[in-house]
Amino acid sequence: MRRTINNIFFLVFLAVAVPSCLLGQGIEFFHGDWEEVLKEAKSQGKPVFVDAYASWCGPCKRMARTTFQDPKVGEYMNEHFIPAKFDMEKAAGIRFGQEFPVQSYPTLFFIDYNGELLLRTVGAKNSDKLLEIAQSVLDNIDYSKDYQEAYEKGNRSPEFILDYVISLNRSGKNSQVVANNYFREQNPDLSKQINQKVLFHAVQYVDSRLFEMMTERMPEIKQLFSQDEIKNQILQAAKNTVERSIEYRVEEILAESMATVKEYLPEEHEEFVVVHRLEYYKSIKDKEKYAEAAEEFVDFYFNQDNEKVFDICVECVELFEKDEQFLEFSEKHLKKISRKEDKPMYLQALAQVYFFMNDADKALKYAEKAREMAVEQEKSTKAIDQLIRRIES
């Protein structure tokens, strides 16, 4: 029971101590009428997110001030949607409302680039809820359905196959079957750029024949795609391969993904290894190797990105709260980063670790230091105050 209470308490600390709305970019709304929004959506191949509001609406104003300004919301919505907003009592909003009627404010619409309604939801949403809804909408969009019938009727032109492969990828579907069948059955001329493009977009795993074929054509691929596009494609294929190694619990597949990154993206290799070794051993619950990987992770990120060190210390406490080895790990590294950067959340996490170690004196000492620093930096002390009351009880 105490473990459950402590876990809940620690999660409350995280939710309050690490605010989501930091300095950054929120949602960037497209300026234009509905026809222009839809035209932009078609040109970018993205669905539309519409905030239908009224100028007098209190929840609308609150959402505009909070959720829409949240950097994590902005990053996600700007990347995956064409965001737009209409005052439903002005001309552009009235025209939009003729096609998509609104009864209450705010009403949020998700609409595909053909103008078909995907989802309508009423009422203001906080950041997490809006992201949850948006992710669900994306997960259920099937960009490939327009191509499937033509494929089943036998269309195998390279231009069609390229579009079909891209649409399958965007829908989160496996395009390898279509691509493998195309290259095996049609035996297309790989000296042609259109087939090189099909090959490039079809690569989803580094331990595949398609990846081998792509690397054999790398000089030509480099003429068609930018260095960043190639890097991102190889990295994503390597990450997909790591996920497969976790699914099948086969460490050799993990090793192959790392070897591939080392060969083709040597500058990315070290970081790829420390991140994905940790991910693998966490997923298969290998405590001993996870501990080794966590040390490697901290060694890599210390002073480079101390918030990542903080994150792994928090993760260890969440996963292994009563394990002395991981409490000592978190204690050691939280002390190191708290000496490097004056951040209340580092000291607060350290106080929490001492609380789990049943050292109330040290827990209270660091909690009070965290509170003092938070006050000096004009940050919220709510979670710290909760921790202090818990320690003193």
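Every chain's residues receive numbers from 1 upward, in the order its sequence appears when written. Given that the model is predicted, a residue must reach a pLDDT of at least 70 before its local features are reported, and side-chain atom pairs must reach 80 or more before they are shown or counted; all residues, however, enter totals for whole chains, interfaces and linings. Remark: hydrogens and water are excluded; side-chain values derive from all non-hydrogen atoms of the structure.

Enquirer: Looking at this model, I keep getting lost on helix H5 (residues 91–99). Mind explaining?
Expert: Note on helix geometry: an α-helix contains 3.6 residues per turn, so any two residues three or four positions apart are oriented the same way. Think of it in three bands: residues with accessible area under 20% of the maximum for their type are buried, residues over 50% are exposed, and the middle band is partly exposed, with areas taken using a 1.4 Å probe on protein chains only. Each helix corresponds to a stretch of at least 4 residues labelled H or I by DSSP, and each strand to a stretch of at least 2 residues labelled E; elements are numbered beginning at the N terminus. Buried within H5 are the following residues: Gly93, Phe96 and Gly97. Within H5, the buried residues cover an arc of 100° as seen down the axis, which keeps them to one side. Contacts: residue pairs with any heavy atoms within 4.5 Å of one another. Contacts from the buried residues of H5 go to helix H2 (34–44), strand S1 (48–53), strand S2 (82–87) and strand S3 (107–111). Summarising the geometry, the arc corresponds to the directions from the helix axis toward the C-beta atoms.

Enquirer: What is the right way to look at the state of the cysteines in this model?
Expert: Covalently bonding the sulfur atom of one cysteine to the sulfur atom of another cysteine gives a disulfide. Cysteine sulfurs are considered disulfide-paired once they come within 2.5 Å of each other. Applying the stated rule across the entire model yields one disulfide. Through a disulfide, cysteine 57 is tied to cysteine 60; the S-S separation comes to 2.4 Å. Given an S-S torsion of about 80°, the disulfide between cysteine 57 and cysteine 60 has right-handed geometry. Taking the relative accessible area as the measure of exposure, cysteine 57 reaches 3% and is therefore buried. Of the cysteine sulfurs around cysteine 313, a residue in no disulfide, the closest is that of cysteine 316, at 6.5 Å.

Enquirer: Would you take a moment to explain unusual backbone geometry for this structure?
Expert: The phi angle of most residues is negative, glycine excepted, and most peptide bonds adopt the trans form. Residue tyrosine 105 is joined to proline 106 through a cis peptide bond whose omega torsion reads -10°. Along the chain, proline 106 turns up in the loop between H5 and S3. Although it is not a glycine, lysine 285 adopts a positive phi angle of roughly 60°. Residue classification places lysine 285 among the exposed positions, given a relative accessible area of 71%. Even without a glycine there, the phi angle at asparagine 303 is positive, about 75°. Among the secondary structure elements, asparagine 303 is positioned in the loop between helix H16 (287–301) and helix H17 (306–319).

Enquirer: When you look at the packing of aromatic side chains in this model, what are you seeing that I'm missing?
Expert: The geometry of an aromatic ring pair comes down to the distance between the two centres and the angle between the two planes. By convention, a stacked pair of Phe, Tyr or Trp rings (six-membered ring in the case of Trp) has centres within 6.5 Å and planes under 30 degrees apart, an edge-to-face pair has planes over 60 apart, and any other such pair is tilted. The full count for this structure, using the stated rule, is 28 aromatic pairs. Consider the rings of tyrosine 182 and phenylalanine 183, whose centres lie 5.3 Å apart with planes at 65°: the pair is edge-to-face. Here tyrosine 182 matches phenylalanine 183 in class, with each residue buried. An aromatic cluster is defined as three or more aromatic residues linked by ring pairs; in this entry it consists of Phe29, Phe49, Phe68, Phe81 and Phe110. Taking the ring centre of tyrosine 53 as reference, the NZ or CZ of lysine 85 above it sits at 5.3 Å. Whether a charge sits over a ring comes down to the Lys NZ or Arg CZ being within 6 Å of the ring centre and within 35 degrees of the ring normal. Across the ring face of tyrosine 151, the terminal group of arginine 156 is positioned such that the distance to the ring centre comes to 3.7 Å.

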